[in-house]
Amino acid sequence: MDPFLHTYARYPIELVRGEGLRVQDSEGRWYLDGIGGIAVMALGHGHPRVKAAVHAQVDELMHTSNLYRVPVQTALAQALVDLYQARGVFLCNSGTEANEGAIKLIRKHHWRLAGSPESGVTPRTEVLVLPSAFHGRTLMSLAMTPKPAYQQGYLPLPGPVRAVPADELPAAVSEQTAAVFVEPVQGEGGCRALTDAQLRAIRAACDRTGALLVYDEIQCGLGRTGEIVHHPRPDLITLAKAVGGGLPLGAILVVNPALEGAFAPGDHGTTFGGNPVACAAGLATIQTIDDEDLPARCAALGERLTAQLEAAGFTVRGRGLIRAAVPQGPSPGEVVARMRGRGVLVCPAGVDSVRFLPPFTSTEAEIDELARAFVESAR
Ligand SMILES: Cc1ncc(COP(=O)(O)O)c(C=O)c1O
């Protein structure tokens, strides 16, 4: 009897152990993990610094709620604020929770700007997203993920949300728009990167109209694209996945000083957000990324992977170590199965491609192995 509700169509292997880029299944077979828990394991499996930090925190204090400060939580918050040159952070548990919280912050901001109900001004609520966006599975995040297969059966969803292609977005931003959400490099949508010109045009439209710009960096953040700080600067950034170093952690970063006071005490909260053990893992991860200049490594390894795939005639999208390649003939699902048969784990992205999200700490040889497995499986 399967004890689970049937939300996941899982692959037919059970994983029991991980070391670096390798994971082992319950039958003893080792695989090269080219997807790293879907962009979570930035330092690979079982990184010694992360393990030591988690063990030490478990011995010290596992949970207190957010009624009290805990040193490791404050240290992680400060590290994130410093790294992103931000004004403040709210810690939560997941990507979708970060986006929901960002929406609440945006609503509060526009509600305050509108003044009292007697002012007659209606606070802005409209959110614009890209057609192949993925922002999560809770109700508002799902409304912002305009994929019929995901939304079917859940209507009506909160809103208003409009999906607009990148080149039409600047003209669509209006005085009714509360915020524009974009992934600088889309993950689920097929590793499509917005160009600098597109981001600048969206930023300018937001500045012109007073709409807020949010970068959802849940999948592409922490340096995976080759850089931590993306330009032009947004007003808010949402993070999750890699930020917890393998444990559940999400973050809303306020970049625009005008938003610092949007949340007042009592306006938002979460029991587990910023759990000390998750913060210990996250802090060790962030410090390692910074100490070892891993964003530069992501950029170099991403170029290496792309060069090999392109030399073999494949179309490749993305930046740094968030990449997708388009197979020639077999479906992405078929390529994923063939690669798994060769001992390499990846997953599909968008409708037409196979995704690579290897750890920032991958070796050149591991990247070459990943490229070779795709090339030999994708025709
Ligand atoms: C860009 C982006 N936003 C949001 C999410 C949702 O994150 P979570 O699954 O942690 O809720 C994801 C998850 O894949 C994502 O890739």
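It should be noted that the structure appears before, not after, this text.
Summarised in this report is the structure supplied together with it. Computed from a predicted model, the values in this text were never measured in an experiment.

Here the focus is the overall build of the protein. Secondary structure assignment for the protein yields twelve helices and 15 strands. For 379 residues, the compact-globule formula gives about 21 Å, and the C-alpha radius of gyration of the protein, at 21 Å, lands near that figure. Dimensions along the principal axes, computed over C-alpha positions, put the protein at roughly 65 × 50 × 45 Å. Per-residue burial for the protein yields a buried fraction of 53% across its 379 residues. In the protein, once contacts between residues fewer than 6 apart in sequence are set aside, the share between residues at least 24 apart is 71%. For the protein, the accessible surface area stands at approximately 16,800 Å², while carbon and sulfur atoms represent 55% of it. When the 34 positive and 39 negative side-chain charges of the protein are each reduced to one mean point, those points stand 3 Å apart.

The subject of this paragraph is the site of the ligand. Near the ligand, the surroundings consist of 13 residues, among which Gly95, Thr96, Asp216, Gln219 and Lys241 are the closest. One of the backbone N or O atoms of Phe134 is found 3.3 Å from a nitrogen atom in the ligand. Note that a nitrogen atom of the ligand is positioned 2.8 Å from one of the side-chain N or O atoms of Asp216. Notes on the ligand: free accessible area 390 Å², of which the protein chains cover 82%. Take the shell around the ligand: its biggest share by element is three residues, from helix α4 (residues 95–114). Considered class by class, the residues forming the shell around the ligand number two nonpolar, seven polar and four charged.

For the rest of this paragraph, the subject is unusual backbone geometry. Across the junction of Leu155 and Pro156, the peptide omega takes the value 0°, indicating a cis bond. With respect to the helices, strands and loops of the structure, Pro156 is situated in the loop between α6 (148–151) and β6 (161–163). One non-glycine residue, Ala39, adopts positive backbone phi at about 75°. Position of Ala39 relative to the elements: it lies in helix α1 (residues 36–39). Phi is positive for Leu222, which is not a glycine, with a value near 70°. Following the sequence through the fold, Leu222 ends up in the loop between β8 (212–216) and β9 (236–239). With relative accessibility at 2%, the residue Leu222 sits in the buried group.

As a further point, take helix α11 (residues 332–341). For α11, the set of buried residues is Pro332, Val335, Val336, Met339 and Arg340. For α11, the buried positions fall inside an angular range of 135° around the axis, keeping them on one side. Buried positions along α11 lie against β3 (30–33), β13 (344–345), β14 (347–349), β15 (353–356) and α12 (364–377).

The strands making up a sheet are joined through hydrogen bonds of the backbone, oriented either antiparallel or parallel. Pairing is antiparallel across the open sheet formed by four strands, whose spatial order is β11-β12-β15-β14. Of all the strands in the sheet, just β11 (315–319) and β14 have a single pairing partner and so form its edges. Strand after strand, the sheet turns through a mean of 35° between neighbouring axes, direction not considered. Strand contacts of helix α10 (residues 294–311): β11, β12 (322–326) and β15, with the helix running at about 5° to β12, the strand carrying the most contacts. Of the strands in this sheet, β14 and β15 are in contact with α11, which crosses β15 at around 45°.

The rules behind the values
Residues numbered from 1 in each chain as written. Predicted model: local features only at pLDDT ≥ 70, side-chain atom pairs only at ≥ 80, totals over all residues. Heavy atoms only, no water. Helix = DSSP H or I, 4+ residues; strand = E, 2+ residues; numbered from the N terminus. Rg over C-alpha atoms; globule rule 2.2 N^0.38 Å. Buried < 20%, exposed > 50% of the residue type's maximum accessible area, 1.4 Å probe, protein only. Contact = heavy atoms within 4.5 Å. Areas by Shrake-Rupley, 256 points an atom, 1.4 Å probe, with all protein chains shown as cover. Lys, Arg positive; Asp, Glu negative; His and termini not counted. Charge placed at Lys NZ, Arg CZ, Asp CG, Glu CD. Near = heavy atom within 4 Å. Polar contact = N/O pair within 3.5 Å; in protein donor to acceptor, adjacent residues only side chain to side chain. Nonpolar A, V, L, I, M, F, W, Y, C, P; charged D, E, K, R; others polar. Arc of directions from axis to C-beta. Pairing = 2+ DSSP bridges. Axes fitted to C-alpha atoms, helices over the stretch in contact; angles between N-to-C directions.

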